[in-house]
Amino acid sequence: MTSASSALRPTPRAGALEIEAYVPGKSKAPAGVKLHKLSSNETPLGPSPSAIEAYRAAAGHLEVYPDGSATVLREAIARAHGLDPARIVCGAGSDELLSLLAYAYLEPGDEGLFCEHGFLVYRIAILAAGGVPVAAPETNLTTDVDALLARVTPKTRIVYLANPNNPTGTYLPFDEVKRLHAGLPGNALLVLDAAYAEYVRANDYAAGIELVSGAGNVVMTRTFSKVFGLASLRIGWLYGPEAVVDVLNRVRGPFNLSGPAIAAGAAAVADRGHIDRAVEHNARWLPEIASAVRALGLEVTPSVANFVLIHFPATPGRTAAEADAFLTARGIILRAVGAYGLPNALRMTVGSDEANAATLEALKAFMERSDG
């Protein structure tokens, strides 16, 4: 082998090396300290007992390939939401579907649009597909429709909208979502990421089903990782126009969901009582946490999801980084959000009664420290 040939190596596509790998929230506490993990927006109620039973039953047939169309799961979702199962695609978490949309609809150099504090996966998916990520500023940590529309160009091919947004917890009323859609060209795909839709109680909110049903360039994605408590199984779904669904079914992996995941997901979506209990627990604690944190002199962004964004001052002894270290030492794990452009904030998931109380007590102790 010549020195010239040995110097050659595979070259990744444009944009791949610009990606900053996604870093999940911390999940470990110091040795000997009880862990309260409130960093990943997981439900404290866990999965439905019916989902666990279905998972265990499916585990007895691991030698068999799963249904490549996830028919049982798509039909269960369709029954729950009154949808046509033929217009539903399931994926390994909504993350896979968000990425597949970029791969399918972005040519190299095309632009993908999202909000400045939007979910990090949008930027990753756009860059991985060879596209150009474009971030629009927000107003009061809330999506600004006018700012998004001002950044639409002839190269815009996909627009990601997390509604509610992660990590801020803010949302757009449905009229604003419709206004955004009306301002987009027909060849730009609007992706409504409604991962936290089940938690929202605002009367002017809608996840997007109505808009998808009447448009050819809108899709809605959902997940089983939050209210359903199946994050470990990686289950997501998409509702879209027939043409988009056809494309995704051509490019996705033929067996992208496991058999146990399909079975557990179908059982989970049918257990309305378990879902209602999870939503009620969140509705009870969300305002209580926000009120208690504000009473400590800290700002909290109003949230409709299952988490709150807590803002810390830049004052030495009171910073978000110092609060993170203080809480971690006590086994309380929140989510640092510097990667989202919010270095002075921590995101707290609504956890169990015990975890919430322990976190509020620890935050109080942090703010009352004499060395702060």
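Residues numbered from 1 in each chain as written. Predicted model: local features only at pLDDT ≥ 70, side-chain atom pairs only at ≥ 80, totals over all residues. Heavy atoms only, no water.

Visitor: Even after reading the chapter, I still don't get the sheet that holds strand β8 (residues 236-239), so can you show me in this structure?
Guide: Note on sheets: strands pair through backbone hydrogen bonds, and any given pair is parallel or antiparallel. Read from one edge of the open sheet, seven strands run β2-β8-β7-β6-β5-β3-β4, paired in mixed fashion. Looking at which strands have only one partner, the edges of the open sheet turn out to be β2 (88-91) and β4 (132-136). Geometrically, the sheet is characterised by an average inter-axis angle of 20 degrees between neighbouring strands, direction not taken into account. One ladder, built from four bridges, connects strand β6 (residues 189-193) with strand β7 (residues 218-223); its direction is parallel. Residue pairing for β7: D193 is matched across the bridge by T221. Taken strand by strand, helix α7 (residues 174-183) contacts β5 (156-162), β6 and β7, and its axis lies near 160 degrees from that of β6. (Pairing = 2+ DSSP bridges. Helix = DSSP H or I, 4+ residues; strand = E, 2+ residues; numbered from the N terminus. Axes fitted to C-alpha atoms, helices over the stretch in contact; angles between N-to-C directions. Contact = heavy atoms within 4.5 Å.)

Visitor: Hey, could you run me through the layout of surface pockets in this one?
Guide: Roughly 330 Å³ of volume is contained in the second largest pocket. Taken together, 19 residues line the second largest pocket, and the ones lying closest to its centre are E20, L120, R123, A339 and Y340. Only β3 (111-115) and α5 (120-128) provide two or more residues apiece to the lining of the second largest pocket. Tallying contributions element by element places α5 first for the lining of the second largest pocket, with four residues. Considered class by class, the residues forming the lining of the second largest pocket number twelve nonpolar, two polar and five charged. (1 Å grid on protein atoms, 1.4 Å probe; cavity = no way out; pocket = protein on both sides within 12 Å on 5 of 7 lines; lining within 4 Å. Points joined across faces, edges and corners; volume = space filled by probe spheres on them. Nonpolar A, V, L, I, M, F, W, Y, C, P; charged D, E, K, R; others polar.)

Visitor: Explanation requested: the side chain of T156 in the structure shown.
Guide: Locating T156 in the fold gives a position in strand β5. A polar contact is formed between the side chain of T156 and the backbone nitrogen of T153, at a distance of 2.9 Å. If we ignore the near neighbours within four places in the chain, the residues touching T156 are E111, R151 and A188. (Polar contact = N/O pair within 3.5 Å; in protein donor to acceptor, adjacent residues only side chain to side chain.)

Visitor: I'm lost on the side chain of N41 in this one. Help?
Guide: Mapped onto the fold, N41 is located in the loop between β1 (36-37) and α2 (49-58). Only 3.4 Å separates the side chain of N41 from the side chain of R347, close enough to count as a polar contact. Contacts of N41, omitting those with residues within four sequence positions, involve N166, Y196, K226, N306, F307, R347 and T349.

Visitor: Looking at this structure, I do not really get the UniProt feature "modified residue: N6-(pyridoxal phosphate)lysine" (unreviewed entry) in the protein chain. What am I missing?
Guide: Sites flagged by UniProt as "modified residue: N6-(pyridoxal phosphate)lysine" (unreviewed entry) map to K226. Once you skip the residues sitting within four places of it in the chain, K226 turns out to touch S40, N41, T43, A195, Y196 and Y199. At 3.3 Å, the side chain of K226 and the backbone oxygen of S40 are in polar contact. (UniProt positions renumbered as here; feature names shortened; annotations may be inferred.)

Visitor: Looking at this structure, how should I read the packing of aromatic side chains?
Guide: Two aromatic rings, taken as a pair, are described by how far apart their centres are and by the angle between their planes. Scanning the model with the defined rule gives eight aromatic pairs in all. Linked through ring pairs, F119, Y122 and Y160 together constitute an aromatic cluster. Taking NZ or CZ as reference, R330 lies 3.5 Å from the ring centre of F326, over its face. (Phe/Tyr/Trp six-rings, centres within 6.5 Å; stacked < 30°, edge-to-face > 60°. Lys NZ or Arg CZ within 6 Å of the ring centre and 35° of its normal.)

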